[in-house]
Structures are given as structure tokens and as C-alpha cells.
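An overview of the molecular structure
Each chain, letter by letter, is given below.
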Amino acid sequence: MKEGAWISSKKVYFQEPIKFWEEQAKELDWDTMWKLPYKEKLPYFKWFVGGKLNASMNCLDRHLETRLNKTALIWVPEPTKEKPIKITYKELHEKVNKFANLLKRLKVKKGDVVSIYLPMIPEVIISMLACSRIGAIHSVVFSAFSEEALQSRMKDGKSKVLITADGYFRKGKKVDLLKKVKKAVKGTKVKKVIVVPRLEKKVPKGFINYTKEIRKEKSFCKPKIMKSEDTLFILYTSGTTGKPKGVMRDTGGYLTQASTTSKFNFNLHENDIMWCTADVGWITGHTYSCYGPLSLGATLLIYEGSPDFPNFGRWWKIIQENKVNVFYTAPTAIRLFMKFGEKYLKKYNLNSLKILGTVGEPIDEDAWNWYFKKIGKSKLPLIDTWWQTETGANVINSLPGVGPFIPSYAGKPFPGIKMAIVNGKGNKVRVGKPGHLVQLSPFAPGMLQGVFRNKKRYKETYWSKFKNKYDTSDGAFMDKDGNIRLTGRIDDVIKVAGHRLSTAEMENALDDDDCVNEAAIVSVPDKIRGEVPVAFVVLEKGKPSDVLKKKLVNDVRVRIGPIASLKEIYFVDDLPKTRSGKIMRRILKSLLIGEKIKSTTTLVNPECVKKIEDGL
Ligand code: WTA
């Protein structure tokens, strides 16, 4: 679209969302144009019905004519002695095609789920695009998740193929992945494991050596033309119950919103280099470290390692050396740099930057101001983007060049998306009054299409509380100009350093210990990580001790991964419960943060509240 057209046709965009998205979708390459732009039979809806396209073609093939030798991907390895690797569109196309052919040789077909358990190396992008080339559904699992987390996701997805690596570098150390993989595949339907040798370890017997096999493949694979509503990928995310859910995403709608938001929110032009620091194991990485920038023919940067290796100047060094233009990260990272990294900043020239973004958790005013002043030199637009795994792409944020940029307010809904703040009955609340954030019809094209193999959960989680409104489970309020401020999750999901975790999943990990009778997890504010989990545990047997504490903390880390690190465990005699047996986590949280407890009359055991308070 021509520059400025957005502003001139603003009216259409705001008043007719379907037209807006149709216009945006036309920017993609379609094999067959759609007959109907939007169809809704709630809780289901479809975009671009009758339209056909392929995601990998949109990210690669269509750029070949004009951007053949342009860098598509810059990969920065963690060890400083290894040089960054630049991959052109031509090379990326070839790598993706070869990998797609290898998957075909392994009998992967359209609709099959392929699990990907890879660190931030080019092959993570290559394998996602290779799946999309042949119509396979990719299911990426964050490489820092535990073997149990990987296993449960592979089981739920019924994947027959897993793509992984022998390991990666993190904080200067080699992290092994194969040990976890060997355990995780047991008892699943996975028959083939493809191993990318990053650490040059020997590929175990029975596993497939990526480097060796890929050489045998031809450099073109005919793309599978998909219906717009065909599933592009699933991505597991935490909910209120213990089991993560496979959020399903279509092809045409998702790609449209991924591409459009990359373009408008980050003012991403084809000569720009975008660095989204999120791992591809999360939705932010899917959309802004892969599909969004590549669909626009821009250059994407990914970094393998930790922000503090070898010191807190590393990220700024990467920006300087690679002339990054768009930088997108999480408030936790900003707070980390505020605390430890300021002295390194002076050494680096960040003049290439033109847009800053943030995502994943509310950004507090201090972090906002620091980011704006120190990194943005008080002149760059700072885009605070609110969205979720379920929404697929950015939903609420201010636009560069439009604003307003108000610290701690995310902004307005993106053009073509209707959001509202409602009370428990689903009626809109007054300006300034907090309520539930919901999305209204027509639902945005990037929205989830369902929960993989679980229709009931899809309906119950998102569509049961409010009639015909998508429930985000976030709280928010709006100012008189329509700017939205998020107040955090209303359900039992917590965001630790921007990572989404389920308290129920952590509780299950504790409950499975023989010593534990029951457990409740709540979060407490944390200066760097936003919030962190703590546990209240009622023992079945044994006595409270530091050794037991350590063991329980470890149990949770092993079950989920190191991001699920309990800050503290409190051993108590009883947990506050309602008559129906629901544990009142809110009361526990109030006790921890010193908030006044409104009432304990609904509890069957109000006496335990005082006891816990005294104990604390
Ligand atoms: C929270 C991440 C405040 C929110 C893309 C949401 C935010 C959850 C913001 C989704 C933001 C995300 N301001 N809160 N800018 N962005 N959140 O699925 O609670 O990992 O529901 O997707 O993160 O987390 P998820």
C-alpha cells in the first residue's frame, strides 16, 4: 500500500473492519482470491473463505524476483568468537525447500503435526517455513521447556516427527537438548527425530542427521496450496487448568494480521532490520521473528543467547553492529538493563533504531521512561503492544506517527479490531472504570480458530462468560479518549518475565509429590520479573524443612522448565477454601502483599487465614 493511504482512507478502516482486512489481505499473494471475506457462526468464524495461498510462498517465493540477494535473516550466535551469519532470501528459500523435501521423504503430509524443539538458530525459522510449504502443522515447543512439557505437547498433537538440535549456547555454556529429547519421545507417536547439529555432537543412533540428509534434497519443493482457513500451526499455551492448550491458527487470516501489524505498528519497510527478542517458542517469536517481517520482505534478526553474555552490553552491541532499526522486547528485559546495564550503554551507538516496541506484560512508568529516554533518546515512538497467543498478532497499541504515547497505557485497538471493557454481565463499563477486556464481532483475522482436538475447552475458556464476546481474561480500563490501560490477568494465569505460566500446572507438579497434600500458587510483584510465583503447601507427611523446600522447587522446574521457579514455599496447615472447595488464592495473595482482606465469610475455614498471617 502507498504511504499515506492509511491516513487518507482512515474512515473505511475504522468503520468497516471487514473491508479494512480485505484491503490488507490483498497485499499478500493468493493462489485463488476469496469469495467471502468473513463468515461467522459463533464461537467459530472464518476469514477469506474460498481463498487459497501458501504461507512459505508469501514469506519467500514472492520476494525472489526483487530481493533475491537481500538478507532475509541475520543470525547472531551467542559465542562472541562466532561471527553473525547472513542468509539471503535466495538461500533461505533453498534451505526451506530442501527441508520441505526432506519432510516429504519422511512421509509428512498436509495436516500432520510436526513438533519443533529448537533453540534460536536459523533452522527454527527454516523448519517452520518448511512445514508450511507442505501444509504440515508446526507445533513449536520452547527449547527451555522440560522434557515433560515437550512430551505432553507431542502427545496432545499426536506428532510423528520431531525436529530438534543437539543443543545450544546459553550464558557461555553448552546446553544439551538430546538428553531431554530421548526421554520425551518415549511413549509418544514420534517415529522420526531430526537433529540439527549445533554443538557438533554425535547424532544418536536411530535419529536423523539434518546436515547429512538435507544435502540429498533438491532445492525446489512445490508448495502445497492451502485454503485460507487451513491450520498453519498450533502453539500450546497455559490456561487456568493444569493442561496447556493447543491454540490453532489459520493460514490466510493469521498471515494478514501478522503482516499488517508488522507494517503499521513497527513502520516496517523492506530495507529495515527488525529484531524481536522473543524466542520463537512463544507467539511473539512466531509472528514477529518469523511470519510478519518475512512476509514483508524485510530483514529479520535472531540471537541465540542470553542478554548478559558476556555482559549487559551484548544487546546494544548487536544493535550497533547489525544496524537494527526496529527493536521489540519485553518490560522484564528493560528492567534488567535498568538495574545492571546502564554503564554499558554509553559504549554503543544506537542511532540505527527508529521504533521501539514492548510486549508480554504491563510496562510500568519507570521502565517506560527509561526505555524511551535511554534507548529511544527521547524521540523514538515507543509502541506498547497488547495481545495474546490467542489473538495471534498485536491488538491494542498506539501507532507510530499517530500516538498518543502515554506511559503504562497500551493505546487503542488496532484498526479493524473492536475491543470493549465490560462488567461481569457483559455490559460496557463507564470511562475509567475497570472491567473485563473483550473482543467484539467481527473478530480479527489473526484470532485463534479453536483449541486443538478440544472443542469444549475452546467454548468454555473463551466464549462462555460473555455472550458473543471473546473473553481475553485480562482486566483493563479506558480513558476518555479511548486509550486502554491493562491491569493484568483476571484468571489464574501469571506472567513471569513476560512468560505465560499456569498456576494450576505448577500446583499439579507439587501435588504429585508424595509429601504434599495440597498446594496453592499465587504470584507476588517482583521488581525485575514483573511477578513471580510462590507456593503455599499443606504437607501430607514429613516435616517442613529447607531440604524439602529445595526438592519441591526443583520438582516444579523439572516438570515445566526453569522459568517456573518458585520464589518461596510456605508450609501451612490448611488453605482458605469456599464451601464448594475452591481455594481462595486471592486471600493468600492479599496476605502476602499486605492488602486488607475484605471478607472471609464465604470460607469454610476462616480461622486458617489468621494462622497463615501469623506464620508469614
Ligand atoms: C499479557 C504474549 C499488558 C496479558 C503476546 C495477556 C500484556 C498475556 C501486554 C498474553 C501488554 C501481553 N501490556 N499486558 N503490552 N502484552 N500482556 O499469550 O495479560 O504469552 O493476556 O502472549 O500477556 O500472553 P501470551
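Quick notes on the rules
- Residues numbered from 1 in each chain as written.
- Predicted model: local features only at pLDDT ≥ 70, side-chain atom pairs only at ≥ 80, totals over all residues.
- Heavy atoms only, no water.
- Pairing = 2+ DSSP bridges.
- Helix = DSSP H or I, 4+ residues; strand = E, 2+ residues; numbered from the N terminus.
- Axes fitted to C-alpha atoms, helices over the stretch in contact; angles between N-to-C directions.
- Salt bridge = Lys/Arg side-chain N within 4 Å of Asp/Glu carboxyl O.
- Buried < 20%, exposed > 50% of the residue type's maximum accessible area, 1.4 Å probe, protein only.
- Patch = residues over 30% accessible without salt bridge, like charges linked within 9 Å, V, L, I, M, F, W, Y side chains within 5 Å.
- Areas by Shrake-Rupley, 256 points an atom, 1.4 Å probe, with all protein chains shown as cover.
- Lys, Arg positive; Asp, Glu negative; His and termini not counted.
- Charge placed at Lys NZ, Arg CZ, Asp CG, Glu CD.
- Near = heavy atom within 4 Å.
- Polar contact = N/O pair within 3.5 Å; in protein donor to acceptor, adjacent residues only side chain to side chain.
- Nonpolar A, V, L, I, M, F, W, Y, C, P; charged D, E, K, R; others polar.
- Phe/Tyr/Trp six-rings, centres within 6.5 Å; stacked < 30°, edge-to-face > 60°.
- Core = buried A, V, L, I, M, F, W, Y, C linked by side-chain atoms within 4.5 Å.
- Contact = heavy atoms within 4.5 Å.
- Expected span 1.5 Å × (residues − 1).
- Arc of directions from axis to C-beta.
- Parallel < 35°, antiparallel > 145°, perpendicular 65-115°, else oblique.
- Disulfide = S-S within 2.5 Å.
- Right-handed = clockwise from strand over helix to strand, strands pointing away.

**Structural notes on the sheet that holds strand β22 (residues 435-440)**
Pairing is antiparallel in the open sheet, where four strands are placed in the order β21-β22-β24-β25. What marks the edges here is a single partner per strand, and that holds for β21 (418-422) and β25 (484-489). Between one strand axis and the next, the sheet turns by 45 degrees as a mean value, whatever way the strands run. Bridge count for β21 against β22 is five bridges, and the pairing is antiparallel. Within the sheet, the bridge partner assigned to Val422 lies in β22 and is His436.

**Side note on the pattern of salt bridges**
Applying the stated rule across the entire model yields 38 salt bridges. For the salt bridge of Asp156 with Lys243, the shortest nitrogen-to-oxygen distance reads 2.9 Å. Taken together, the residues Asp156 in helix α7 (residues 147-157) and Lys243 in the loop between β14 (231-237) and β15 (245-250) connect sequence positions 87 residues apart. Owing to a relative accessible area of 14%, Asp156 belongs among the buried residues under this scheme. Its salt-bridge partner being Lys465, residue Asp471 comes within 3.8 Å of it at the nearest N-O pair. By sharing partners, the salt bridges in this structure join Arg105, Glu213, Lys216 and Glu217 into a single network.

**Some remarks on a positive patch on the surface**
A cluster of basic side chains, namely Lys158, Lys160, Lys189, Lys191 and Arg453, defines a positive patch on the protein surface. Here Lys160 lies in the loop between α7 and β8 (161-165).

**A look at the site of the ligand**
Around the ligand, a shell composed of 17 residues is seen, among which Thr385, Thr389, Asp474, Lys495 and Arg500 lie nearest. Within the backbone of Thr385, one N or O atom sits 2.7 Å away from a nitrogen atom of the ligand. Only α11 (283-295), β20 (382-385) and β25 provide two or more residues apiece to the shell around the ligand. Its residues assigned to classes, the shell around the ligand shows six nonpolar, five polar and six charged.

**A short note on the packing of aromatic side chains**
Counted by the stated rule, this structure contains 42 aromatic pairs. Aromatic pair Tyr458 and Tyr462: ring centres 6.0 Å apart, planes at 55 degrees, arrangement tilted. Of this pair, Tyr458 and Tyr462 both sit in helix α16 (residues 455-463), four residues apart, which is roughly one turn of that helix. Residue classification places Tyr462 among the buried residues on the basis of a relative accessible area of 3%.

**A closer look at the nonpolar core**
If you look at the biggest cluster of nonpolar residues, it comprises 161 residues, and the most contacted ones within it are Phe99, Leu103, Ile125, Leu129, Ile194, Tyr291 and Leu294. If you tally residues by element for this core, the top one is helix α6 (residues 122-134), at eight residues. Discounting residues that sit within four places of it in the chain, Leu294 has contacts with Asn58, Cys59, His63, Ala72, Tyr89, Leu92, Ile125, Leu129 and Leu300. If you look at the next biggest cluster of nonpolar residues, it comprises 30 residues, including Trp316, Phe327, Phe337 and Tyr344.

**Overview of the pairing of strand β9 (residues 167-170)**
Sheet topology places β9 next to strand β10 (residues 173-176); four bridges connect them, and they run antiparallel. Pairing of Phe169 across the sheet is with Lys174, part of β10. Between β9 and the antiparallel strand that follows it, β10, lie two residues; Lys171 among them carries a positive phi value of about 50 degrees.

**Considerations on helix α18 (residues 546-560)**
Its 15 residues give α18 an end-to-end C-alpha distance of 21 Å, which sits within 8% of 21 Å, the value for a rise of 1.5 Å per residue. Restricting attention to buried positions, one finds in α18 the residues Leu548, Leu552, Val556 and Ile560. Mapping the buried residues of α18 onto a view down its axis gives an arc of 90 degrees, with all of them on the same face. The exposed set on the far side of α18, more than 90 degrees from its buried face, consists of Asp546, Val547 and Lys550. Looking at the packing, one finds that the buried side of α18 touches α7, β27 (499-502), α17 (503-511), β28 (516-526), β29 (530-539) and β30 (568-572).

**Some words on the sheet that holds strand β18 (residues 326-329)**
Sheet strands associate in pairs through backbone hydrogen bonding, adopting either a parallel or an antiparallel arrangement. With mixed pairing, the seven strands of this open sheet are ordered in space as β5-β4-β17-β16-β18-β19-β20. Both edges of this open sheet fall to β5 (85-88) and β20, since each of them pairs with a single strand only. For this sheet, the mean inter-axis angle between neighbouring strands, taken without regard to orientation, is 20 degrees. Examined bridge by bridge, strand β16 (residues 273-276) and strand β17 (residues 299-303) share three bridges and lie parallel to one another. Bridging from a neighbouring strand, Met274 pairs with Leu300 of β17. Against the sheet, helix α5 (residues 89-105) makes contact with β4 (71-76) and β5, and its axis sits at roughly 80 degrees relative to β5, the strand it touches most. Along the sheet, helix α12 (residues 314-322) contacts β4, β16, β17 and β18; its crossing angle with β17, the most-contacted strand, is approximately 150 degrees.

**Some thoughts on the side chain of Ser259**
Relative to the helices and strands, Ser259 is located in helix α10 (residues 252-265). Of the residues examined, Ser259 reaches a relative accessible area of 6% and is grouped as buried. Discounting residues that sit within four places of it in the chain, Ser259 has contacts with Leu28, Gly292, Ser295 and Leu296.

**Considerations on the packing of α10 against α11**
Where α10 contacts α11, the two axes come as close as 8 Å, and the packing angle between them is 85 degrees. Judged by the angle between their axes, α10 and α11 are roughly perpendicular. Of the residues in α11, those in contact with Tyr254, Leu255, Ala258, Ser259, Thr261 and Ser262 of α10 are His286, Thr287, Tyr288, Tyr291, Gly292, Pro293 and Ser295. Residue composition of the contact of α10 with α11, by class: six nonpolar, seven polar and no charged.

**Some words on the state of the cysteines**
Here a disulfide denotes a covalent bond joining the sulfur atom of one cysteine to the sulfur atom of another. Applying the stated criterion across every chain, the model contains zero disulfides. The thiol of Cys221 is not disulfide-bonded; the next cysteine sulfur, from Cys131, is found 11 Å away. A relative accessible area of 1% means that Cys221 is categorised as buried.

**Comments concerning α12**
Those residues of α12 that sit buried are Arg314, Trp315, Trp316, Ile318, Ile319 and Asn322. Just past α12, the residue Lys323 takes up positive phi, approximately 55 degrees.

**A closer look at the pairing of β20**
Side-chain alternation along β20 places Leu382 and Asp384 on one buried face and Ile383 and Thr385 on a second face that is also buried. As defined by bridge partners, strand β19 (residues 355-359) adjoins β20 across four bridges and the pair is classed as parallel. Counterpart to Thr358 in the pairing with β20 is Asp384. With helix α15 (residues 365-375) bridging β19 and its parallel neighbour β20, the resulting β-α-β unit is right-handed.

Everything listed here is a matter of coordinates, which is why it stays silent on function.
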